[in-house]
Amino acid sequence: MAGEYLDDTVERIRMTDHEGKSGALLERLTLADGRRLIVKRFSPETDLLMAALGDVVGREYITWSRGILDALPAEVGHAIIDGWVDGDETVIVMRDLGDSVLTWQDRLSRHQCRQMLAAVAAQHRAFLGAAPGDLTPLSDLVSLFAPDRMAPLVGSTNPLAAIVLRGWDIFGETVPADVVEPIFALLAGPRRLADALQARPTTLVHGDLATVNMAVSDGELTLLDWAMPADAPGALDIARFVAGCSSVVDASREEIIADYAAVAGPAYDEIAMRLSLLSALVWLGWNKALDAAEHPDPVVRKREQEDLDWWVEQARLTLGSGLL
């Protein structure tokens, strides 16, 4: 019965130090039998991603309730054990995975990264050409942080929208025009890029593959925060992982991509990877420009500027390839 866990709670602690930035509210529950659970609550009023995507019910709940997560291959787990909708609020109940959940302070060796990529590749192969329908529209996923999408959310309880806009302003001021102009055009009209990606072999992608959305225990991978699953090339997951997490992996960006290609089998597509690298800059270019210009640590600023330069060059390669 929905909510039965709440009735059996003997301790309830609000989690304020989690890595999520969307605005979802998390609590750790201890039940009378000693079990510990995580309860996640989100609504368009509190969750920036729901508001940006126009969601009424959380996609993570929808994905779980349709049985999609239970169809994941053995190499990939999920943590959800229950969920329900309470008015305008979506509630998810998860196993408490404790210290196995990675943070931004955790680094992956190349071997650990390869293990993760092998598990994710198994998911991509399992759903290749057979992703469930009615997932996150690819054009929405590509342009999630578009200025026009973020601007109406400035002044909400979540400060991220204003930060995103600041980042895009810096991007426009610091990145060469031959890349800025097409990136801003894709942000305003993502359908062209989404259609090009959709024309390649597609699968079920997580949509926000990052270390902080993973738990690793005894070599087993659990993926968390299924808020943006999509029918897209597997390369989209990998490009987003490289964009967001290469700084915490003891491998180069090229090595991460090569390691995925080596284990993905038929789920790997070179053209999809080239398009996905462009889409990753459309997705996270604001953050890279912001860190390169304003991060308080000069070492990080230098690293992020070098990273931004790499992504700009990848964008040039895709834009000049005739794939769009």
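Residues numbered from 1 in each chain as written. Predicted model: local features only at pLDDT ≥ 70, side-chain atom pairs only at ≥ 80, totals over all residues. Heavy atoms only, no water.

Caption draft 1: Focus on the pattern of salt bridges. One pass over the full model with this rule turns up 23 salt bridges. Between R36 and D96 there is a salt bridge, with its nearest N and O atoms 3.3 Å apart. Of this pair, R36 sits in strand β3 (residues 36–42) while D96 sits in the loop between β6 (89–95) and α4 (110–126), placing them 60 residues apart in sequence. Residue class for R36 comes out partly exposed when judged on its relative accessible area of 44%. On the basis of relative accessibility, which here comes to 17%, the residue D96 falls in the buried class. E313 is paired through a salt bridge with R316; the nearest N and O atoms lie 3.6 Å apart. Here the residue E313 and the residue R316 both occupy positions in helix α13 (residues 298–319), the gap between them amounting to 3 residues, near one helical turn. Its relative accessible area of 36% is what places E313 among the partly exposed residues. (Salt bridge = Lys/Arg side-chain N within 4 Å of Asp/Glu carboxyl O. Helix = DSSP H or I, 4+ residues; strand = E, 2+ residues; numbered from the N terminus. Buried < 20%, exposed > 50% of the residue type's maximum accessible area, 1.4 Å probe, protein only.)

Caption draft 2: View of the state of the cysteines. Evaluated as defined, the whole model comprises 0 disulfides. C245 supplies the cysteine sulfur nearest to C113, a cysteine that is in no disulfide, at a spacing of 9.1 Å. (Disulfide = S-S within 2.5 Å.)

Caption draft 3: The sheet that holds strand β2 (residues 25–31), seen in detail. The strand order β1-β2-β3-β6-β5 describes an open sheet built from 5 strands, whose pairing is antiparallel. At either margin of the open sheet sits one strand with a lone partner, and together these are β1 (9–15) and β5 (80–86). When the angles between neighbouring strand axes are averaged without regard to direction, this sheet yields 20 degrees. When β5 meets β6, the two strands line up antiparallel, connected through 6 bridges. (Pairing = 2+ DSSP bridges. Axes fitted to C-alpha atoms, helices over the stretch in contact; angles between N-to-C directions.)

Caption draft 4: Focus on the nonpolar core. The biggest cluster of nonpolar side chains holds 106 residues, and the ones touching the most others in it are M116, F145, F171, I183 and F241. Among the elements that line this core, the one with the most residues is helix α12 (residues 270–294), at 14 residues. Other than its neighbours up to four places away in sequence, M116 contacts L209, M214, L221 and F241. L31, L37, V39 and V91 belong to the second-largest nonpolar core, a separate cluster that totals 7 residues. (Core = buried A, V, L, I, M, F, W, Y, C linked by side-chain atoms within 4.5 Å. Contact = heavy atoms within 4.5 Å.)

Caption draft 5: View of the sheet that holds strand β4 (residues 76–77). Read from one edge of the open sheet, 3 strands run β4-β9-β8, paired in mixed fashion. Sheet topology places β4 and β8 (214–217) at the edges, where each strand pairs with a single neighbour. Direction of pairing for β8 relative to strand β9 (residues 220–223): antiparallel, over a ladder of 4 bridges. The residue bridging S217 from the neighbouring strand is E220, located in β9. In this fold α4 packs onto β4, β8 and β9, with an angle of close to 60 degrees to the strand it touches most, β9.

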